[in-house]
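Each chain is listed here by its residues.
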Amino acid sequence: MPFIPLTDDEERTILTTLGCQTSDDLFASIPPKIRETAKMSLRLPEGRALAKGMTEHEARLWFAERAERNTPAKFRHFLGGGVYDNVIPSAVDALVARGEFLTCYTPYQPEISQGTLKAIFEFQTFICRLTGMEVANASMYDGASAIAEAILMANRLRPGKRSVLISSLLPPDYRQVVDTFLKHQACLSVELGFDELGAVDVREMAELAKTNDPCCAVVCYTNYFGVVEDLASIRSSLPSDCLLVVCIPDPSALSIFETPAALGADIVAGEAHQFGTPMSFGGPHVGFFATRRSYARQMPGRLVGETVDSRGNTAYALTLATREQHIRREKATSNICTNQGLIALRCTIYLSLLGKDGFRKLGIQNYSLFDYLKTSLESLGIPMKFKKAFCYREGLFEVPNLDKRFDAAVAKGIIPGIRPAKKGFQPNEFGSTLLVTVHPKLAKADVDELVEVLSHD
Amino acid sequence: MIEGQGTTGLVLKEPTIFERSSAGRQGYALPALDVPEKQPVRFVRHKAAELPEVSELEVVRHFTRLSNWNYSVDLGMFPLGSCTMKYNPRINEEIAALPGLSVIHPDLPAEHCQGALEIIYCLEKLLCGISGMDECTAQPSAGAQGELTGLMIVRAFHESLGSSRKIVLVPDTAHGTNPASSVLAGYQAITLKSSSSGILNLEDVRGVCDKFGRDIAAMMITNPNTLGLFESNIIEISQALHNVGAQLYMDGANLNAIMGYAKPSDMGVDVMQFNLHKTFSTPHGGGGPGAGPVAVRSHLAPYLPNPRIRLVEGKYVTENLKSSIGKVRGYYGNFGVLVRALAYILQQGADGLKQVSKAAVLNANYLRHRLSSHFAVPYRSPHFHECVLTDAIQIKENGVKTLAIAKALIDQGFHPPTIYFPLVVGGAMLIEPTETESLQELDKLIDAFITIAEAIRTKKDNFEHAPRKTIVGKVDEVRAARQPILSLDDRAQ
Amino acid sequence: MNIPKGLHYTKEHEWVSVDDNIATVGISDFAQQSLGDVTYIQLPKEGEQVRKDDPFGIVESVKAVSDLYSPVTGRVVEINLPLLQAPELLNSDPYNDGWMIKVEVKDESDLEDLMSSENYQEYIEEKS
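Residues numbered from 1 in each chain as written. Chains lettered and ligands numbered in written order. Predicted model: local features only at pLDDT ≥ 70, side-chain atom pairs only at ≥ 80, totals over all residues. Heavy atoms only, no water.

Student: In this structure, what is going on with the overall build of chain C? I would like to understand it.
Tutor: In terms of helices and strands, chain C carries 4 helices and 9 strands. Along its sequence from the N terminus, chain C presents helices and strands in the succession β-β-β-α-β-β-β-β-β-α-α-β-α. Computed over its C-alpha atoms, the radius of gyration of chain C comes to 13 Å, within 12% of the 14 Å expected for a compact globule of 128 residues. The principal-axis extent of the C-alpha atoms belonging to chain C is close to 35 × 35 × 20 Å. (Helix = DSSP H or I, 4+ residues; strand = E, 2+ residues; numbered from the N terminus. Rg over C-alpha atoms; globule rule 2.2 N^0.38 Å.)

Student: When you look at the interface of chain C and chain A in this model, what are you seeing that I'm missing?
Tutor: As a measure of interface size, the accessible area lost when the parts come together is often cited. Taken together, the contact between chain C and chain A spans 10 residues of the former and 5 residues of the latter. Overall, the association of chain C and chain A removes approximately 650 Å² of surface from exposure, summing both partners, and the carbon and sulfur fraction of that is 46%. In this assembly, chain C and chain A are joined by 1 salt bridge. We note a salt bridge from glutamate 60 of chain C to arginine 297 of chain A, for which the minimum N-O separation is 3.1 Å. At the surface where chain C touches chain A, the tally comes to 1 residue pair in polar contact (both at pLDDT 80 or more). Of all the secondary structure elements, the ones that give two or more residues to the side of chain C that touches chain A are strand E4 (38–42), strand E6 (55–61) and strand E7 (65–69) of chain C. Element by element, the count of residues in the side of chain C that touches chain A is highest for E6 of chain C, at 3 residues. Looking at the side of chain C that touches chain A residue by residue, the classes come out as 5 nonpolar, 2 polar and 3 charged. (Contact = heavy atoms within 4.5 Å. Buried area = accessible area lost by both parts, 1.4 Å probe. Salt bridge = Lys/Arg side-chain N within 4 Å of Asp/Glu carboxyl O. Polar contact = N/O pair within 3.5 Å; in protein donor to acceptor, adjacent residues only side chain to side chain. Nonpolar A, V, L, I, M, F, W, Y, C, P; charged D, E, K, R; others polar.)

Student: Explanation requested: unusual backbone geometry in the structure shown.
Tutor: Leaving glycine out, the prevailing phi sign among residues is negative, and the prevailing peptide bond configuration is trans. That bond from tyrosine 221 of chain A to threonine 222 of chain A is cis: its omega, 0°, falls within 30 degrees of zero. Even without a glycine there, the phi angle at serine 281 of chain B is positive, about 65°. You can see serine 281 of chain B is positioned in the loop between strand E6 (271–273) and strand E7 (294–296). A relative accessible area of 1% places serine 281 of chain B in the buried class. Of note in this structure, aspartate 53 of chain C is not a glycine but carries a positive phi near 70°. Tracing the backbone shows aspartate 53 of chain C in the loop between strand E5 (49–50) and E6. (Buried < 20%, exposed > 50% of the residue type's maximum accessible area, 1.4 Å probe, protein only.)

Student: Sorry if this is basic, but what is going on with the pattern of salt bridges here?
Tutor: Side-chain pairs of opposite charge can arise where the charged atoms are in close proximity. Taken as a whole and assessed by the stated rule, the structure comprises 67 salt bridges over all chains. With a closest N to O distance of 3.0 Å, aspartate 213 of chain A and lysine 161 of chain A form a salt bridge. Taken together, the residues aspartate 213 of chain A in the loop between helix H9 (202–212) and strand E5 (214–220) and lysine 161 of chain A in the loop between helix H7 (143–157) and strand E3 (163–167) connect sequence positions 52 residues apart. A relative accessible area of 29% means that aspartate 213 of chain A is categorised as partly exposed. Measuring nitrogen to oxygen at the nearest pair gives 2.8 Å for the salt bridge that ties lysine 423 of chain A to aspartate 107 of chain B. With lysine 423 of chain A in the loop between strand E12 (414–415) and helix H14 (427–430) and aspartate 107 of chain B in the loop between helix H3 (99–102) and helix H4 (114–131), this residue pair bridges two chains. Taking relative accessible area as the criterion, aspartate 107 of chain B reaches 15% and is therefore assigned buried. Three or more residues are tied together by salt bridges with common partners; here these are Glu46, Glu65, Arg66 and Arg69 of chain A together with Glu118 of chain B.

Student: Before we go on, may I ask you to explain the state of the cysteines in this structure?
Tutor: Should the sulfur atoms of two cysteines be covalently bonded, the bond is a disulfide. Applying the stated criterion to the full structure yields 0 disulfides over all chains. Unpaired in this structure, cysteine 247 of chain A has its nearest cysteine sulfur neighbour in cysteine 220 of chain A, at a distance of 3.7 Å. Between cysteine 128 of chain B, a free cysteine, and cysteine 136 of chain B, which holds the nearest cysteine sulfur, the sulfur-to-sulfur gap is 5.2 Å. (Disulfide = S-S within 2.5 Å.)

Student: Explain the sheet that holds strand E1 (residues 8–9) of chain C here, please?
Tutor: The pairing of strands in a sheet happens through backbone hydrogen bonds and is either parallel or antiparallel. Residue and element names in this part refer to chain C. Spatial strand order, E1-E2-E3-E9-E8-E5: 6 strands in an open sheet with antiparallel pairing. Sheet topology places E1 and E5 at the edges, where each strand pairs with a single neighbour. Pairing of strand E2 (residues 14–19) with strand E3 (residues 22–27) involves 6 bridges; the strand directions are antiparallel. Residue pairing in the sheet places glutamate 14 in a bridge with isoleucine 27 of E3. (Pairing = 2+ DSSP bridges.)

Student: Sorry if this is basic, but what is going on with the confidence of the model for chain C here?
Tutor: When pLDDT is averaged along chain C, the result is 91, and 98% of the positions lie at 70 or above. We note a pTM of 0.95 for the whole complex and an ipTM of 0.96 for its interfaces. (pLDDT = per-residue confidence, 0-100.)

Student: Please clarify how H4 of chain B should be interpreted in this entry.
Tutor: Note that an α-helix has 3.6 residues per turn; residues three or four places apart therefore point the same way. Under the 1.5 Å per step criterion, the end-to-end length of H4 of chain B is 26 Å for 18 residues, consistent within 8% with the ideal 26 Å. Trailing H4 of chain B by a residue or two, glycine 132 of chain B shows a phi angle of about 80°, which is positive. (Expected span 1.5 Å × (residues − 1).)

Student: In this structure, what is going on with the packing of H4 of chain B against helix H9 (residues 335–371) of chain B? I would like to understand it.
Tutor: Two numbers describe a pair of packed helices, the interaxial angle and the distance between the axes. All names here are of chain B. At a minimum axis separation of 10 Å, H4 and H9 run at an interaxial angle of 45°. By the angle class used here, H4 and H9 are oblique. In the packing of H4 onto H9, the handedness of the crossing is left-handed. Facing Ala116, Ile119, Ile120, Cys122, Leu123, Leu126, Leu127 and Ile130 of H4, the residues of H9 in contact are Phe335, Leu338, Val339, Ala341, Leu342, Ile345, Leu346 and Leu353. Class assignment of the residues belonging to the contact of H4 with H9 gives a composition of 16 nonpolar, no polar and no charged. (Axes fitted to C-alpha atoms, helices over the stretch in contact; angles between N-to-C directions. Parallel < 35°, antiparallel > 145°, perpendicular 65-115°, else oblique. Left-handed = near helix turned anticlockwise from the far one by under 90°.)

Student: Is there a simple way to think about the nonpolar core in this case?
Tutor: Soluble, globular proteins show a tendency: their nonpolar side chains are buried together. In this structure, Phe63 and Leu373 of chain A together with Ile130, Ile258, Leu276 and Phe280 of chain B are the most contacted members of the largest nonpolar core, which totals 173 residues. Among the elements that line this core, the one with the most residues is H9 of chain B, at 19 residues. (Core = buried A, V, L, I, M, F, W, Y, C linked by side-chain atoms within 4.5 Å.)

Student: Would you take a moment to explain the interface of chain A and chain B for this structure?
Tutor: Residue-level contacts link 184 residues of chain A with 200 residues of chain B. Counting the surface lost from both chain A and chain B, the interface buries some 16,900 Å², and carbon and sulfur atoms represent 64% of this. The largest share of the area that chain A buries against chain B comes from Phe3, Arg129 and Phe281 of chain A, three residues that together contribute 6% of it. In this structure, the connection of chain A to chain B is made through 14 salt bridges. Measuring nitrogen to oxygen at the nearest pair gives 2.7 Å for the salt bridge that ties glutamate 306 of chain A to arginine 491 of chain B.

Student: What is the right way to look at the packing of helix H12 (residues 341–379) of chain A against helix H1 (residues 56–67) of chain B in this model?
Tutor: At a minimum axis distance of 9 Å, the contact between H12 of chain A and H1 of chain B shows a crossing angle of 150°. Considering their axes alone, H12 of chain A and H1 of chain B lie roughly antiparallel with respect to each other. Like other packed secondary-structure pairs, H12 of chain A and H1 of chain B cross with a definite hand, here right-handed. Counting all contacts with H12 of chain A, which are made through Leu345, Thr348, Ile349, Ser352 and Leu353 of chain A, the residues of H1 of chain B involved are Glu56, Val59 and Phe63 of chain B. Split into classes, the residues belonging to the contact of H12 of chain A with H1 of chain B amount to 5 nonpolar, 2 polar and 1 charged.

Student: In this structure, what is going on with the pairing of E3 of chain C? I would like to understand it.
Tutor: Regular strands place their side chains on alternate faces of the sheet. Among the 6 residues in E3 of chain C, 5 count as buried, and that is most of the element. Hairpin connection, E2 of chain C to E3 of chain C: the antiparallel pair is bridged by 2 residues, and aspartate 20 of chain C has positive phi, about 55°.

Student: It is not clear to me how the packing of aromatic side chains should be interpreted in this structure. Could you clarify?
Tutor: Aromatic rings considered in pairs are described by the distance between their centres and by the relative angle of their planes. Applying the stated criterion across every chain, the model contains 34 aromatic pairs over all chains. Judged by centre distance (5.9 Å) and plane angle (90°), the rings of phenylalanine 257 of chain A and phenylalanine 390 of chain A are edge-to-face. Taken together, the positions of phenylalanine 257 of chain A in the loop between strand E6 (243–248) and strand E7 (267–271) and phenylalanine 390 of chain A in the loop between H12 and strand E11 (394–398) put the pair 133 residues apart, joining distant regions of the chain. Residue phenylalanine 257 of chain A is classed as buried on the basis of its relative accessible area of 0%. For phenylalanine 390 of chain A, a relative accessible area of 12% translates into the label buried. Their ring planes at 70° and their centres at 5.4 Å tell us that phenylalanine 425 of chain A and phenylalanine 430 of chain A sit as a pair that is edge-to-face. Like phenylalanine 430 of chain A, phenylalanine 425 of chain A is buried. The rings of Phe194, Tyr224, Phe225, Phe386, Phe425 and Phe430 of chain A are connected pair by pair, giving a single aromatic cluster. Stacked on the ring of tryptophan 62 of chain A, the Lys or Arg arginine 66 of chain A has its end atom at 3.9 Å from the ring centre. Across the ring face of phenylalanine 390 of chain A, the terminal group of arginine 42 of chain B is positioned such that the distance to the ring centre comes to 5.5 Å. (Phe/Tyr/Trp six-rings, centres within 6.5 Å; stacked < 30°, edge-to-face > 60°. Lys NZ or Arg CZ within 6 Å of the ring centre and 35° of its normal.)

In structure tokens form, the structure reads like this:
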């Protein structure tokens, strides 16, 4: 067996050393009643029995067949809403495939984990520089978990507050995760509506903040309708002791739009997979989490700090670990036991390759291509749902005969976007709307084709 | 200095990537824009983010140098107890990178992602087959998230019966995540002491069940436990819990020891999580991504996270359950990790998985047996996939503690075992060799341990300055915590 | 092990000395040795109430963290600000520069169940 080196001879050697007759002797502390029925019978839904395993090549073919049952690679798509396609520099895959990164453990032994530790320190630096915040952690499971953890942290920072104000324009998956996590908290969640610009209704929010005694307000930058929220007015309309938690499902926006820190954010959390990691059907992705220095000790997740070694060299170590579950147990800031090391590394390598100028270009190109798409659609009578919405790279369009035109696009090898009505938004208001997103794999010709197929029956 | 297989090679120093920056340099060219360039006029970022400006080669060199500073399974043995650091087959990486599996958006309509849904469905079914449980969700991102998911399911179940319970029982040998997850699920964690033989005493469990009765929501048990011992009263424990309406949660972190020898369902387990990055060989990646699927008996199935994947008339469809606890993370979980774990299970088959547990247990017992004449062994009975040693002899002989022994092992060319865990054993070294290490490698590790023990016994070395062969010496963790420098921009302050 | 006479000690290893209704509270030499290098201390604010046997703060080393339990009930009238900036004082001088809080004691009977230096000495010998 390729992955198990033990030979029959060696098994006998070990048994002799242990003074056992058979290996079953080692399992004698399992009650016989349990052992009797322990035999596994494994079978695939297709009917194939799995007593013996597949060979490597058989497994390769089995998966290749499944891969082909997904959308063929020649399809183009305009999907986004929190998960974004991107081009991935070849060097990212080459570097993370190195066994030294792929097969190492959480860096508890700093002397033999300096590579991982330094890379995480760089990741933390990247996140600080993108968001403008002072401290960032070593990453979280995904954007949805990051924002849920951000709300729990706001709760810890403002004990005794009655509520959390949450924008209704979080990506629906994020919102559902937040609801699950808040279920067991005393805090009430109060939903923030949106205005005719497709942005948080700031006036209504100010009223809700007065009556609900919130610990924080959670808003998206950019929101699920692709709109860049006016963080400065949101901040100034909130009571001073109400934290501003900014959720960033699309951090490429930070290349051209002002940092949440400069606009008064207290906690910034989001999703960074588009920096070097494929969409992978939703995971593994990587959440990021940043805040003010004074709140560092209330942060969830791992942190890497720079220090020195016994020889006077710069060295890195996990630090402020006493917040974590393996030390604090039931008093930990979170039950999270890991970060998303390898995906954070992909992000670090991607941003290093893209560089200062490339990062800005990424934002400008997304913005420009969306502007072209929007202008083209509007000129053919497909308006934005919120006519004056200020969008970055995706937006909500009113498409007549949506079902029919959606199918027509698919027939031409284009997935034209996400239908919010299928993601939990009210069908009577959003039934004919389509969320259309651009990404670096798309060019003018793709947009022209989409516009063509969406603009008539 | 004591010689081992560890030696020093040419290892290069390297600053941070930011310090390699030269204005105007570029490491990657994005596809060209072929529409007119536009600039936003509102909310404009005033100062560009200070990303490094480096060439592709500089990036490749930087991260290659960093990689050389890591110890990894590919480099040598990683006997880290409770972490199951087994070999990660490379075919699984190749499969997960297939464009048809990696370049797919999770909001694709179901008819466009049948292959992906089938993969998740297959994995969930096979995990049920391995554990004997009835239904499974692959959504949780990691073991700890699996624990929380499982407890939320338990809570929803009790609430559906109109019962509000307060307590989760956690043995003192448990992973720290267990009590932390209990609190996050809105419960109070109460610690149960293990007996002197290292497992739970049935009378203690019965006593606690009598005392707290219908306030107990669940007990979280790890079986075999973190001492590598099987909780042989498990059936009676589950009965005692069920008698007061409580649920038995099994932390599946140590499943690698019992596949084909014991099914959690037959132990009376109601809900459990799997750690795919442990038992099912997906790479640890320096701390994630992992995956922590949760399996339940049928009475808990209505509360599993949404969406559920079903096979209806030959098509895979998604369905939302009304009574579900909701979503615990975005979309379907760490799909790329699920692909790798399924690839591993398909290649092992049922027979191979049983062979995995057999070899893992043989290896651990061989290590324990050979080392027991040099190190104190607090529990004598046969162990499962991991065993625990302590520093009691070495402290007595020359005042050398577990931490120093661990650091000395590094110079011998091995990753240290898990140290100072489980908490119930003073100076613990928890060793888990896994099934993928050969007898020859085990002998090398044993030799390394014995060399260290001999050096301590003969007072030749107390390893105060170990490790000596690593890129950095002992790291000043006190300074890191007192004056935290958490990003490059903190240095100046 | 330094266990100064004249102080009162708790089972959680805090010490307290009372002078004119003002109790000064810190942790013992034994406690600081068991923790190792202290990296962080969290104390209540001036004016806050503390209650006997309830936690009033935490003390952290690299790999351990402990709650601090108040030996007395009352209002915090002063905290050791320099200690927050230099937690190492707790290791070098737990009984003088390493004091933590001063509390206005309401009821001196709070001290009755505390240990004398001799009793505390016996207590830690038994434990170790």
